[in-house]
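Each chain is listed here by its residues.
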Amino acid sequence: MSQRFSDAPISRLVGFQVRPLDESAEAEGKLGQAIVDIQCGPQHHNPMGRVHGGLVSALADAAMGIAFGRTLLDSEDFSTIEMKVSFIRPVREGRLSASATVVQRGLRIGFVECNITDQRGKLVATGSSTCTVLSS
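Now for a look at the structure at hand.

Rules used in this analysis
- Residues numbered from 1 in each chain as written.
- Predicted model: local features only at pLDDT ≥ 70, side-chain atom pairs only at ≥ 80, totals over all residues.
- Heavy atoms only, no water.
- Helix = DSSP H or I, 4+ residues; strand = E, 2+ residues; numbered from the N terminus.
- Buried < 20%, exposed > 50% of the residue type's maximum accessible area, 1.4 Å probe, protein only.
- Contact = heavy atoms within 4.5 Å.
- Salt bridge = Lys/Arg side-chain N within 4 Å of Asp/Glu carboxyl O.
- Pairing = 2+ DSSP bridges.

**What about the side chain of Ser128?**
And step 1. Inspection of the secondary structure assignment puts Ser128 in strand E6 (residues 123-135).
And step 2. Assessed through its relative accessible area of 15%, Ser128 is described here as buried.
And step 3. Aside from chain neighbours lying at most four places away, what touches Ser128 is Met64, Glu82, Met83, Lys84, Phe111, Val112 and Glu113.

As structure tokens, then:
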């Protein structure tokens, strides 16, 4: 099930690289986690010469969606109903990593948080989202 979210067409288009779920997390039943990376360069710049905030937001959205998607049963789907991103520092180039964790997963609603860091481990942005579970 979780592979469906890791292989999304948007991830291939934008260049997101989804890290596989850590084997220890999988063994411990901690499925609501994801890390997604992107190598940023001038092609991702806004008019001020920095990585566009929309790309940072899309990176956060991808990581949070994959983390939440990994908690679903085969008969379930989901939709994001709210998302917030707070930008901490600008980035010009380099690798960005979004690390997302499901904080709470109920029967119908879940809450996910995400930290986006640069290649030095500096916090670039934070994100959160609320998701709703849909039965197929």
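**Some remarks on the pattern of salt bridges**
And step 1. This structure, assessed with the given rule, holds four salt bridges.
And step 2. Between Asp37 and Arg95 there is a salt bridge; the shortest N-O distance is 3.9 Å. With Asp37 in strand E2 (residues 33-40) and Arg95 in strand E4 (residues 94-105), this pair connects stretches of sequence that are 58 residues apart.
And step 3. Taking the relative accessible area as the measure of exposure, Arg95 reaches 29% and is therefore partly exposed.
And step 4. With a shortest N-O distance of 2.9 Å, Glu76 and Arg105 are connected by a salt bridge.

**A few points about the sheet that holds E4**
And step 1. If you trace the six strands from one edge of the open sheet to the other, you get E1-E2-E4-E5-E6-E3, paired in antiparallel fashion. At either margin of the open sheet sits one strand with a lone partner, and together these are strand E1 (17-18) and strand E3 (76-87).

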